[in-house]
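Given next are the chains, with one letter for each unit.
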Amino acid sequence: MFAQAATITLRILGFKAGPQDFPYSPQLVQALPPLTILVSYFEYGFTLPPMVAFAQAVASVAALAFFTHQLLRLRSLTARFQQTFSALLATSIVLTLLLLPAVAILAPSVQQIAANPDLLGKLEVPALPTLLAAFLSLWNLAVSAHIYRHALNIGPGVSVATALMGAVFITAFAALAGGLVGSA
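Before going into details, it helps to say that this report is about the structure given with it.

What follows covers the environment of Thr-96. With respect to the element layout, Thr-96 can be found in helix H4 (residues 81-115). Taking the C-alpha atoms as reference, Thr-96 lies 15 Å from Ala-6; in sequence the two are 90 residues apart. Not counting residues within four places of it along the chain, the set of residues in contact with Thr-96 comprises Val-39 and Glu-43.

Structural data, given as structure tokens:
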């Protein structure tokens, strides 16, 4: 089952399959959310304190689940939730793992800018990791739009807008959760 999920994940990343092709299994349902939280924790951990990174990782997965479920509910397609959510998680895991080296290189610059916002635009940031991070972020957005297009039976333009709204919602919810934990 895990080998089939990995194969379908790669096909989704190449826009050759959709969430309807993702296998459903209780093992995947149990494994993907914690694995996504772990990978996200590593990503956030480069620039945030451990508890804040963990809170943001958990909040990101919860926000993705909520956002996806609500969209499917609005379209009366909740039966598609598990495959859609699993496809979003699996593709996110792969793209985040590809992103980690760039984040590790960029983390010192991000921390300097966070400590002193006046450095924005003045600090020399490594170009190749920045380009890689931008490319992977755009790829993630395109893959999310592709998944939502299939899951919701919507057109390409609406699916891109949906993916953008999802990204904003998830980022805001994660930042809120991280801020609450960081201020406690």
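What follows concerns the nonpolar core. Formed by 43 residues in total, the largest nonpolar core has its most connected members in Ile-12, Phe-22, Leu-32, Leu-64, Phe-85 and Tyr-148. Counting only elements with at least two residues in this core, the list comes to helix H1 (2-13), helix H2 (26-45), helix H3 (50-74), H4, helix H5 (127-152) and helix H6 (156-183). With 11 residues, the single largest contributor to this core is H4. Apart from the residues within four sequence positions on either side, Tyr-148 is in contact with Leu-64, Phe-67, Thr-68, Leu-71, Leu-88, Asn-153, Ile-154, Thr-162 and Ala-163.

Glancing now at unusual backbone geometry. One non-glycine residue, Phe-15, lies in the positive phi region at around 60 degrees. Inspection of the secondary structure puts Phe-15 in the loop between H1 and H2. Note on Phe-15: relative accessible area 40%, which makes it partly exposed. The phi dihedral of Ser-76 is positive, around 55 degrees, even though this residue is not glycine. Along the chain, Ser-76 falls in the loop between H3 and H4. Of the residues examined, Ser-76 reaches a relative accessible area of 64% and is grouped as exposed.

The rules we used
Residues numbered from 1 in each chain as written. Predicted model: local features only at pLDDT ≥ 70, side-chain atom pairs only at ≥ 80, totals over all residues. Heavy atoms only, no water. Helix = DSSP H or I, 4+ residues; strand = E, 2+ residues; numbered from the N terminus. Contact = heavy atoms within 4.5 Å. Core = buried A, V, L, I, M, F, W, Y, C linked by side-chain atoms within 4.5 Å. Buried < 20%, exposed > 50% of the residue type's maximum accessible area, 1.4 Å probe, protein only.

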